[in-house]
Every structure is written in structure tokens, then in C-alpha cells.
Amino acid sequence: MKTPDRANAAALTPAEHRTAVAQETARFVAAVKDADLGTAVPSCPGWTLADLVKHTGSVQRWFSVLLHTRIQEPPRGREVDLRLPEQEDGYADWLAESETVAADAFAATDPNLPMWAWGADQHARFWARRMLFETLLHRADAELALGLRPTIDRPLAVDGIDEFLVNLPFASFFAPKVANLRGPDRTIRFRTTDGDDDWLVRLRPDGFGLDTGHPATDTADATVQGAAADLLLLVYGRLGHDAQELSHEGDESLLAQWFSNSAF
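### Here we look at the pairing of strand S1 (residues 186-192)
So, point 1. Among the seven residues that make up S1, five are buried, leaving the element largely enclosed by the rest of the structure.
So, point 2. Summarising the sheet, S1 and strand S2 (residues 198-204) pair through six bridges and their orientation is antiparallel. Each residue of the ladder has a partner; that of Arg186, found in S2, is Leu203.
So, point 3. Counted along the chain from S1 to the antiparallel partner S2, the turn is five residues long.
So, point 4. Note that S1 and strand S4 (residues 222-226) share five bridges and pair parallel. The residue bridging Phe190 from the neighbouring strand is Val224, located in S4.

Written as C-alpha cells, this is what we have:
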């Protein structure tokens, strides 16, 4: 068996990210098209489906502005012409239109163009990948709110876990709890049970990050295993690590520290 590590997690290409944004938006639209948009979204406390749709479409349109302007420094504001309908019964169609706005931005932008981004990858492709998982997660939130079990294609889930863990160390400006992810060289492994994908996160006194050179045989202080789709929902706080879909072993206090400070 090959030795898996973070570097050979099955990352998708920028073109695949762009295609998946359209597909995930269409799935989101289909879920909410005839739904009561006043329905509460338990996985986003205080939000309704209307809030969820508005947030996702707004993010797509804002990221599109960043791409069109080839932004090279952190934006000072988020002024975007949302063109939001006055009536909520137009929200589903508006979300579909938001994806076409994004598609136009993608078509006009070389994914390898250097750009400011808040995460690890300082290129335009960062924003398509981030938009994809923002859309996918909130599509899953909508389905959960409607009593449906989300299905997530495995390649997307693997890429999403990787994207989350790669960028989390940079997220403190909007997720301040990540500053609590410190430790005296403690490690947490995330491993898929429907493949051989493997990520090892190392907590150090000065911060944390992925250990990209570890062999899969290295012993971790704590390990969580599950299907890729369930691990994606786990890292985003939509599943607890003690959910029946997952298994875990090792230092419980380390896992509690991670999961109480990492989700955004």
C-alpha cells in the first residue's frame, strides 16, 4: 500500500473547482426552490434558509468582485451590488444567478494569476476553491435543515478536508478561537476509511499546521477516522467526533481542544 500524506490527497484542479461551484449551486437551488425559507438552520444557529441563501449568494458575488479587480491587498470593505430581490420567493433564482456572476469572473481570470488571498495560496485559484466549499457546506446546511441527509461526492470531500486544514492556520482574523490551537508538539490524525487519504496536524507552542512529510505509520496522539464526506462535515463542525459515523482514539482532551476551537 502506498504511504499517504497530505501532499497526495486528491486535490482537484482549478477547472474542476469552477465546474463544481456550478454543480453545488444547482443542488442548493434545487433544495430550497420550493422550501419555506423561514425554516431554521440548526447547523447555523440563528439563521433561516433565507439567511443561508443570501449569505451564499453574497459570498459568490463578493468573491467575483475580488477576482475582477485582481485584488492585491486585503479589501477595506465588502461593498457589492447584490441585486437581491425584495421578495424571498425570488431568492432561489437569485442564487442561481449568483453562480453565473461567478462563472463570468472565472472565465475572465487566469487561475494562476497572483492575487491577495487570506489563505495559503496567493493566486486567483484560491477564491474558486474557497467559493466551492462555502457553497457546498451551506448546501449541506440547507439539506440538513430540511431533514435530508447530504450526499457529498468523495473527491470533493477529500479536497475540502485538505482545503480546510491547509487554510485554518490563517483564519484567526475571522475565527479567533484558532489562536487556542497550541500544544507541546501534539498531533491529531484525520484518516479516511473509504480511501487512503491521511492528514496529520501538529500543534506546537507557537501555533499549528499540517505536517506534510509524515509517514502514515507515525503514531499520532489522537486519531479520527471516517468516510471522507463525514470527515468534511466533522472539520466544519456539522458532526461531532463522537458521531456514530466516525471512530476516534487517543487523547480525548486534545480532541476536545481541537474541535472546540477549529470550526468556522
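After that view, the rundown keeps rolling.
### A short note on the environment of Thr100
So, point 1. Relative to the helices and strands, Thr100 is located in helix H3 (residues 91-107).
So, point 2. Of the residues examined, Thr100 reaches a relative accessible area of 41% and is grouped as partly exposed.

### A closer look at the packing of aromatic side chains
So, point 1. For the structure shown, the criterion picks out 17 aromatic pairs.
So, point 2. Between Tyr91 and Trp94 the ring centres are 6.4 Å apart and the planes differ by 45 degrees, which places this aromatic pair in the tilted class. Highlighted residues: Tyr91 and Trp94, both in helix H3, separated by three residues, approximately one helical turn.
So, point 3. Residue classification places Tyr91 among the buried positions, given a relative accessible area of 9%.
So, point 4. Ring centres of Phe173 and Phe174 lie 4.9 Å apart, and the angle between their planes is 90 degrees; this geometry places the pair in the edge-to-face category.
So, point 5. Accessibility expressed as a relative area gives 57% for Phe173, which makes it exposed.
So, point 6. Overall, the relative accessible area of 37% leaves Phe174 in the partly exposed class.
So, point 7. These aromatic residues form a ring-pair network of at least three members: Trp62, Phe63, Trp116, Trp118, Phe126, Trp127, Phe164, Phe173, Phe174, Tyr236 and Phe264.

### Section: the pattern of salt bridges
So, point 1. For the structure shown, the criterion picks out 23 salt bridges.
So, point 2. A salt bridge links Arg125 to Asp121; the shortest N-O distance between them is 2.7 Å.
So, point 3. Under the relative-accessibility criterion, Arg125 is labelled partly exposed at 24%.
So, point 4. On the accessibility criterion, Asp121 (24% relative accessible area) is partly exposed.
So, point 5. For Arg129, the salt bridge goes to Asp162, with nearest N and O atoms at 3.2 Å. Here Asp162 lies in helix H5 (residues 154-167) and Arg129 lies in helix H4 (residues 125-145), a separation of 33 residues in the sequence. Grouping residues by exposure puts Arg129 and Asp162 together as buried.
So, point 6. Salt bridges sharing partners connect three or more residues here, namely Glu24, Arg27, Arg139 and Glu143.

### Section: the nonpolar core
So, point 1. In terms of nonpolar packing, the biggest core is built from 63 residues, with Trp127, Leu165, Phe190, Leu232 and Trp258 touching the most fellow members.
So, point 2. Residue contacts for Leu165: discarding those within four places in its chain leaves Phe190, Trp199, Val201, Leu210 and Trp258.
So, point 3. Of all hydrophobic cores here, the second largest spans 17 residues; its members include Phe28, Val29, Leu37 and Ala50.

### Describing unusual backbone geometry
So, point 1. Although it is not a glycine, Arg83 adopts a positive phi angle of roughly 55 degrees.
So, point 2. Inspection of the secondary structure puts Arg83 in the loop between helix H2 (49-69) and H3.
So, point 3. The phi angle at Asp185 is positive, at roughly 60 degrees, despite the residue not being glycine.
So, point 4. Assignment of secondary structure puts Asp185 in the loop between H5 and S1.

What counts as what
Residues numbered from 1 in each chain as written. Predicted model: local features only at pLDDT ≥ 70, side-chain atom pairs only at ≥ 80, totals over all residues. Heavy atoms only, no water. Buried < 20%, exposed > 50% of the residue type's maximum accessible area, 1.4 Å probe, protein only. Helix = DSSP H or I, 4+ residues; strand = E, 2+ residues; numbered from the N terminus. Pairing = 2+ DSSP bridges. Phe/Tyr/Trp six-rings, centres within 6.5 Å; stacked < 30°, edge-to-face > 60°. Salt bridge = Lys/Arg side-chain N within 4 Å of Asp/Glu carboxyl O. Core = buried A, V, L, I, M, F, W, Y, C linked by side-chain atoms within 4.5 Å. Contact = heavy atoms within 4.5 Å.

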